[in-house]
Amino acid sequence: MSETKYEYPQVKYTRLTFPPAQMQQRAQEFYAWMDTRRTVREFLPDPIPEGVLEHILLAASTAPSGAHKQPWSFCVVTNPDLKRQIREAAEKEEYESYNGRMPQDWLDDLAPLGTDWRKPFLETAPALIVVFRRAYEEVNGRKKNNYYVNESVGLACGFLLAAIHHAGLGALTHTPSPMNFLSSLLNRPENERPFLLIPVGYVPENCLVPDLKRKTLDDICFIYK
Ligand code: IYR
């Protein structure tokens, strides 16, 4: 028995587990479901039903984080004028990136994805989720650092993408670079830095995606028995 003394109140964890056959089935089904997720670059303009995004964000915010600081803020932009301003600012940066800032190797790696500096989805998608990482918190006028901020916010974004897919919507993890324009356009406080820009919406029925293959288990997994 550990001698660790927990000052923090502890509650009983309601654990869930399954017999092996059911566990196998659940693991397989979850993989099969997650494998149907694709990044999309086209969206229908139809609004997302009330309450859906809220639950998607609550799901994202269940991600583990350093010292449970939950160092993330999610800004949901549906205002057409603000979406247009974000598109204009992103395209300005992306134009520079695609025309000189990105090395040829990078452009070659992106060629199969068919991306370029034009970002119409920033206006067509009914909602843009702009994720900010919170480097520190201001507590009683004192700066208190958060921990493992990139790891924590990355995990929350993973949960977010899974929740979006689970709800039957599509998303794109967009990384305009640099993206400080998001801090000023959204008037974010000094402790927050933009992390990812995620357009969300219904996916058109005839949406095309690149014919990508995912790595096999042998490519990604190394077993030490
Ligand atoms: N930020 C650019 C370029 C880009 C970079 C990577 I790595 C991608 O996987 C896709 C795009 C853009 O969003 O177009």
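Whatever comes next refers back to the structure up there.
For every chain, the first residue of the written sequence is number 1, and numbering continues from 1 onward in sequence order. Local features in this predicted model are restricted to residues whose pLDDT is 70 or higher, and side-chain atom pairs enter the listing and the counts only when it is 80 or higher, whereas totals over whole chains, interfaces and linings include all residues. Only heavy atoms go into the side-chain values, all of them from the structure, while hydrogens and water stay out.

## Side note on the overall build of the chain
By definition, any uninterrupted DSSP run of H or I lasting at least four residues is a helix, any uninterrupted run of E lasting at least two residues is a strand, and each is numbered from the N terminus. When its secondary structure is counted, the chain shows 8 helices and 6 strands. Seen in sequence order, the chain has helices and strands lined up from the N terminus as α-α-β-α-α-α-β-β-β-α-β-α-β-α. C-alpha atoms of the chain, sized along the principal axes, occupy 60 × 50 × 40 Å. Counting the 225 residues in the chain, one finds 33% classified as buried. For the chain, the proportion of contacts with a sequence separation of at least 24, taken over those separated by at least 6, is 80%. Computed with the Shrake-Rupley method and a 1.4 Å probe, the accessible areas treat only the protein chains shown as cover for residues. Summed over its atoms, the accessible surface of the chain is roughly 15500 Å², and 55% of this surface lies on carbon and sulfur atoms. Working definition: with a 1.4 Å probe on protein chains only, accessible area under 20% of the residue-type maximum means buried, over 50% means exposed, and in between means partly exposed. In this analysis, two residues are considered to be in contact whenever any of their non-hydrogen atoms come within 4.5 Å of each other.

## Description of the site of the ligand
Throughout, near means a residue has at least one heavy atom within 4 Å of the molecule or strand. Taken together, the neighbourhood of the ligand is formed by Glu-94, Tyr-98, Met-102, Trp-106, Leu-110, Leu-113, Lys-119, His-174 and Thr-175. Within the side chain of Glu-94, a nitrogen or oxygen atom sits 3.0 Å from an oxygen atom of the ligand. Polar contact is defined as a pair of N or O atoms within 3.5 Å, subject to the rule that within protein one atom must be able to donate a hydrogen and the other to accept it, and that residues adjacent in sequence are counted only when both atoms are side-chain atoms. Within the contact set of the ligand, an oxygen atom lies 2.6 Å away from a side-chain nitrogen or oxygen of Tyr-98. If the ligand stood free it would expose 380 Å²; the protein chains cover 71% of that surface.

## A word on the packing of aromatic side chains
Centres within 6.5 Å are what make two rings of Phe, Tyr or Trp a pair, Trp counting through its six-membered ring; a difference in plane orientation under 30 degrees is then read as stacked, over 60 as edge-to-face, and the rest as tilted. Taken as a whole and assessed by the stated rule, the structure comprises 1 aromatic pair. When the centroid spacing of 5.2 Å and the interplanar angle of 80° are considered together, the rings of Tyr-95 and Trp-117 count as edge-to-face. Here Tyr-95, found in helix 3 (residues 80–101), pairs with Trp-117, found in the loop between helix 4 (104–110) and helix 5 (121–124); they are 22 residues apart in sequence, far enough to count as distant. The exposure class of Trp-117 is partly exposed, given its relative accessible area of 26%. Only when the NZ atom of a Lys or the CZ atom of an Arg is both within 6 Å of the ring centre and within 35 degrees of the ring normal do we say a charge sits over the ring. In this structure, Lys-143 packs its charged tip against the face of Tyr-136, placed 4.9 Å from the ring centre. One residue, Arg-188, lies across the ring of Phe-132, its end atom 5.7 Å from the ring centre.

## Section: the environment of Tyr-136
As for its placement among the helices and strands, Tyr-136 is situated in strand 3 (residues 136–139). Apart from the residues lying within four places of it in its own chain, the contact partners of Tyr-136 are Lys-143, Lys-144, Asn-145, Asn-146, Glu-190 and Asn-191.

## Focus on helix 6 (residues 149–166)
Every helix has an expected span of 1.5 Å times one less than the residues it contains. In a regular helix each residue adds 1.5 Å, so 18 residues correspond to 26 Å; helix 6 covers 25 Å between its end C-alpha atoms and thus fits that length. What helix 6 keeps buried is the set Val-149, Ser-152, Val-153, Ala-156, Cys-157, Leu-160, Leu-161, Ala-163, Ile-164 and His-165. Each element contacted by the buried residues of helix 6 is listed here: helix 1 (20–34), helix 2 (52–60), strand 1 (72–77), strand 2 (127–134), strand 5 (170–171) and strand 6 (192–201).

## Points about the packing of helix 2 against helix 6
Here, axes are lines fitted to C-alpha atoms. For helices the fit covers the stretch in contact, and angles between N-to-C directions go from 0 to 180 degrees. Where helix 2 meets helix 6, the closest approach of the two axes is 8 Å, and the angle between their N-to-C directions is 145°. Of the two elements, helix 2 crosses helix 6, and the hand of that crossing is right-handed. Taken together, the residues of helix 6 that come into contact with helix 2 (itself represented by Ile-56, Leu-57, Ala-59 and Ala-60) are Ala-156, Phe-159, Leu-160, Ala-163 and Ile-164. Amino acids are sorted into nonpolar (Ala, Val, Leu, Ile, Met, Phe, Trp, Tyr, Cys and Pro), charged (Asp, Glu, Lys and Arg) and polar (every other residue, Gly among them). Of the residues assigned to the contact of helix 2 with helix 6, the class counts are 9 nonpolar, no polar and no charged. Note: crossing handedness is left-handed where the near helix turns anticlockwise from the far helix by less than a right angle, and right-handed where it turns clockwise.

## Section: the environment of Gly-66
With respect to the helices, strands and loops of the structure, Gly-66 is situated in the loop between helix 2 and strand 1. Note: C-alpha distance between Gly-66 and Asn-150 (84 residues apart in sequence) is 9.8 Å. The contact partners of Gly-66, leaving out residues within four places of it in the chain, are Tyr-147 and Ser-152.

## Here we look at the pairing of strand 4 (residues 142–145)
The pairing criterion for strands is at least two bridges between them, as found by DSSP. Here strand 3 pairs with strand 4 via 4 bridges, running antiparallel. Opposite Glu-137, over in strand 4, you have Lys-144 as the bridge partner.

## Some details on the sheet that holds strand 5
What links the strands of a sheet is backbone hydrogen bonding, and the strands pair in either a parallel or an antiparallel sense. Read from one edge of the open sheet, 4 strands run 1-2-6-5, paired in antiparallel fashion. Both edges of this open sheet fall to strand 1 and strand 5, since each of them pairs with a single strand only. Across 2 bridges, strand 5 lies against strand 6 in antiparallel orientation. Paired with Ala-171 across the bridge in strand 6 is Val-200.

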